[in-house]
Amino acid sequence: MAMKMPKVMDCSVADCAYNTNKACHAMAITIGEDPDEPVCDTFFESSTHGGVKEVTAGVGACKSYECSYNEDYECTASNIHVGMKEDQPDCLTFERR
Ligand code: SF4
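Quick caveat: nothing in here was measured; it's all calculated off a predicted structure.

Undergrad: Is there a simple way to think about the pattern of salt bridges in this case?
TA: This structure, assessed with the given rule, holds two salt bridges. Between Arg96 and Asp36 there is a salt bridge; the shortest N-O distance is 3.4 Å. Highlighted residues: Arg96 in the segment after β9 (88–91) and Asp36 in the loop between β4 (28–31) and β5 (58–62), separated in sequence by 60 residues. Taking relative accessible area as the criterion, Arg96 reaches 51% and is therefore assigned exposed. Classification of Asp36 as partly exposed rests on a relative accessible area of 35%. Across the salt bridge formed by Lys63 and Asp41, the nearest N and O atoms sit 2.8 Å from each other. A residue pair is termed long-range when its members are at least 10 positions apart, and Lys63 in the loop between β5 and β6 (70–71) and Asp41 in the loop between β4 and β5 qualify at 22 residues.

Next up, the structure:
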């Protein structure tokens, strides 16, 4: 089955190295440390910003298999939103099964 990689529609984590004007410019991000902890694993702080300016990040992988959008450790949502939740950068589209 052909799958389309979901896009990161917006990300409010301004101090991430890949973030410019609430957009994520990594080629793709990975979500999830624990099954029900949808933290952005790609986040890191840096004084310089990187990524590819023309690119809006996709969700390359997601380990939060307690999410109803997760199938075989991949995200099936059409797009996701990322932002701070309880002091960590999280996938805000996460929906517990
Ligand atoms: S919506 Fe669910 S499956 Fe998709 S990235 Fe977020 S936590 Fe993972």
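Undergrad: Where do I start with the side chain of His25 in this structure?
TA: Its location among the elements puts His25 in the loop between β3 (23–24) and β4. Looking at His25, its side chain comes within polar contact range of the main-chain oxygen of Lys53, at 3.3 Å. At 2.7 Å, the side chain of His25 forms a polar contact with the backbone oxygen of Val55. Once you skip the residues sitting within four places of it in the chain, His25 turns out to touch Tyr18, Thr20, Gly50, Gly51, Val52, Lys53 and Val55.

Undergrad: Explain the nonpolar core to me, please; I cannot follow it from the model alone.
TA: Here is a general trend for soluble globular proteins: nonpolar side chains tend to be buried in one another's company. Of all hydrophobic cores here, the largest spans 17 residues; its most connected members are Val8, Ile29, Ile31, Ile80 and Val82. Residues contacting Ile31, with those up to four places away along its chain left out, are Pro38, Val39, Cys40, Asp41, Val59, Ala61, Cys62, Lys63, Ser64, Ile80 and Cys91.

Undergrad: Could you clarify how one ought to interpret the site of the ligand in this entry?
TA: Around the ligand, the neighbouring residues are Ile31, Pro38, Val59, Cys62, Cys67, Tyr69, Asn70, Cys75, Cys91, Thr93 and Phe94. Residue classes in the shell around the ligand are distributed as nine nonpolar, two polar and no charged.

About the cut-offs
- Residues numbered from 1 in each chain as written.
- Predicted model: local features only at pLDDT ≥ 70, side-chain atom pairs only at ≥ 80, totals over all residues.
- Heavy atoms only, no water.
- Salt bridge = Lys/Arg side-chain N within 4 Å of Asp/Glu carboxyl O.
- Helix = DSSP H or I, 4+ residues; strand = E, 2+ residues; numbered from the N terminus.
- Buried < 20%, exposed > 50% of the residue type's maximum accessible area, 1.4 Å probe, protein only.
- Polar contact = N/O pair within 3.5 Å; in protein donor to acceptor, adjacent residues only side chain to side chain.
- Contact = heavy atoms within 4.5 Å.
- Core = buried A, V, L, I, M, F, W, Y, C linked by side-chain atoms within 4.5 Å.
- Near = heavy atom within 4 Å.
- Nonpolar A, V, L, I, M, F, W, Y, C, P; charged D, E, K, R; others polar.

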